[in-house]
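A look at the structure
Each chain, written out:
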Amino acid sequence: WIPGVYCNLPQFECFYYYPRFGNYLLNANYAMLPFGELNRRKDWLFNAVGEDGYLFLRPSTGFKIFTGKVVSLLTWEKDIDLVGFYDVADEALVVAATPVELKREWRTVVVGDRIVAASQYKNGNDMTRIQGAPEEILSYGQEVLNNVKYRPDPAWTLDICETGSGELKIIEVGSFSCCGLYACDPEPIIHAVNEVALLDWNEIKNED
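Residues numbered from 1 in each chain as written. Predicted model: local features only at pLDDT ≥ 70, side-chain atom pairs only at ≥ 80, totals over all residues. Heavy atoms only, no water.

Attention now moves to the environment of Ile160. Mapped onto the elements, Ile160 comes out in strand E8 (residues 155–163). For Ile160, a relative accessible area of 0% puts it in the buried group. Residues Ile160 and Glu172 lie twelve residues apart in sequence; the distance between their C-alpha atoms is 7.6 Å. Once you skip the residues sitting within four places of it in the chain, Ile160 turns out to touch Arg104, Glu105, Trp106, Thr108, Ile137, Tyr140, Gly141, Lys169, Ile170 and Ile171. (Helix = DSSP H or I, 4+ residues; strand = E, 2+ residues; numbered from the N terminus. Buried < 20%, exposed > 50% of the residue type's maximum accessible area, 1.4 Å probe, protein only. Contact = heavy atoms within 4.5 Å.)

Pasting the structure below:
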């Protein structure tokens, strides 16, 4: 099946795309290290990127081998045991970052060089999904696309958030073929992805 799946997993690793997004990232203040080193480097991590005795941890891999979460210095052993419950390998790369308060979160679908659809999927603790996004969110996303040379696939997702201080930041990127679309309008996605899939098909057919 050509073009098949849009899921270039190596380029959805944090260690791959973090250097490309830089200060646009929500987790711009971060360190990466193997899971098996977390306990030994605990004090260093809280001093380097922690805030008020808290850290945010997430896996580097796009497979999401555990759910990203905020951990506390006071409950460190319990928190790390909970993360390790997922049988995380000692060599698995982990992102440790300064925690940031979030207000609203949006998923945008990127095809080519533009955002073709969006959906709010979280507002604080409210998980109500709302189709579309305010113009400022779409403009911010387009600004990021215009300034960041990162295109993992012809179609992919870019998650944007509003922080507690009102800043807009990039939470993470994701594979189009593995993502949830929430309340995104499917029609423009279908048309846009159909166009790039047809281009892929014609390119591969011509090579044959």
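So much for the structure itself; the text now carries on.
Let us look at the pattern of salt bridges. When charged atoms on two side chains of opposite charge get close, those side chains can pair. Taken as a whole and assessed by the stated rule, the structure comprises seven salt bridges. Ionic pairing is found between Asp79 and Lys69, a salt bridge with its closest N-O pair at 4.0 Å. Of the two residues, Asp79 sits in helix H3 (residues 76–84) while Lys69 sits in strand E3 (residues 69–72), which places them ten residues apart along the sequence. According to the relative accessible area criterion, Asp79 is buried, its value standing at 10%. The salt bridge partner of Arg151 is Asp113, with a shortest N-O separation of 2.8 Å. Of this pair, Arg151 sits in the loop between helix H4 (135–147) and E8 while Asp113 is found in the loop between strand E5 (102–111) and strand E6 (114–123), placing the two residues 38 residues apart along the sequence. Because the salt bridges share partners, they merge into one network encompassing Arg58, Lys64 and Glu172. (Salt bridge = Lys/Arg side-chain N within 4 Å of Asp/Glu carboxyl O.)

To continue, consider the environment of Gly141. Counting through the fold element by element, Gly141 comes out in helix H4. Between the C-alpha atoms of Gly141 and Leu158, which are 17 residues apart in sequence, the distance is 7.9 Å.

We now examine the environment of Val110. In this structure, Val110 sits in strand E5. Accessibility expressed as a relative area gives 0% for Val110, which makes it buried. C-alpha of Val110 to C-alpha of Phe85: the two residues are 25 residues apart in sequence and 34 Å apart in space. Sequence-distant contacts of Val110, that is, excluding residues within four places in its chain, are made with Ile115, Leu145, Pro154, Ala155, Trp156 and Leu158.

Take helix H1 (residues 14–21) next. Among the residues of H1, those classed as buried are Cys14, Tyr17, Tyr18 and Phe21. Seen from one end, H1 has its buried residues packed into an arc of 110°, which puts them on one side. Backbone geometry just downstream of H1 places Gly22 in the positive-phi region, at approximately 55°. (Arc of directions from axis to C-beta.)

Between its terminal C-alpha atoms helix H5 (residues 186–207) stretches 31 Å, which fits the 32 Å expected from 22 residues at 1.5 Å a residue. For H5, every residue scored as buried is listed here: Ile189, Ala192, Val193, Val196, Ala197 and Asp200. Along the long axis of H5, the arc covered by the buried residues comes to 130°, so they all point the same way. Facing away from the buried side of H5, by more than 90 degrees, are the exposed residues Glu187, Ile190, Asn194, Leu199, Lys205 and Asn206. As for H5, its buried residues are in contact with E5, E6 and E8. (Expected span 1.5 Å × (residues − 1).)

Counted under the stated rule, the structure contains zero disulfides. For the unlinked cysteine Cys179, the closest cysteine sulfur is that of Cys184, found at 7.7 Å. A relative accessible area of 21% means that Cys179 is categorised as partly exposed. A residue is classified by how much of its surface remains accessible, and Cys184, at 7% relative accessible area, is buried. (Disulfide = S-S within 2.5 Å.)

This next bit is on the packing of aromatic side chains. All told, the structure shown has ten aromatic pairs when counted by the stated rule. On the numbers, 5.3 Å between centres and 65° between planes, the contact of Phe21 with Tyr150 is edge-to-face. Taken together, the positions of Phe21 in helix H1 and Tyr150 in the loop between H4 and E8 put the pair 129 residues apart, joining distant regions of the chain. Taking the relative accessible area as the measure of exposure, Phe21 reaches 3% and is therefore buried. For Tyr150, a relative accessible area of 2% gives the class buried. Three or more aromatic residues link up through ring pairs in this structure, and these residues are Tyr16, Tyr17, Tyr18, Phe21, Tyr30, Tyr150 and Trp156. The ring of Trp44 is capped by Arg41, whose NZ or CZ atom sits 4.8 Å from the centre of that ring. Residue placement shows Arg107 over the ring face of Tyr121; its charged tip is 5.8 Å from the ring centre. (Phe/Tyr/Trp six-rings, centres within 6.5 Å; stacked < 30°, edge-to-face > 60°. Lys NZ or Arg CZ within 6 Å of the ring centre and 35° of its normal.)

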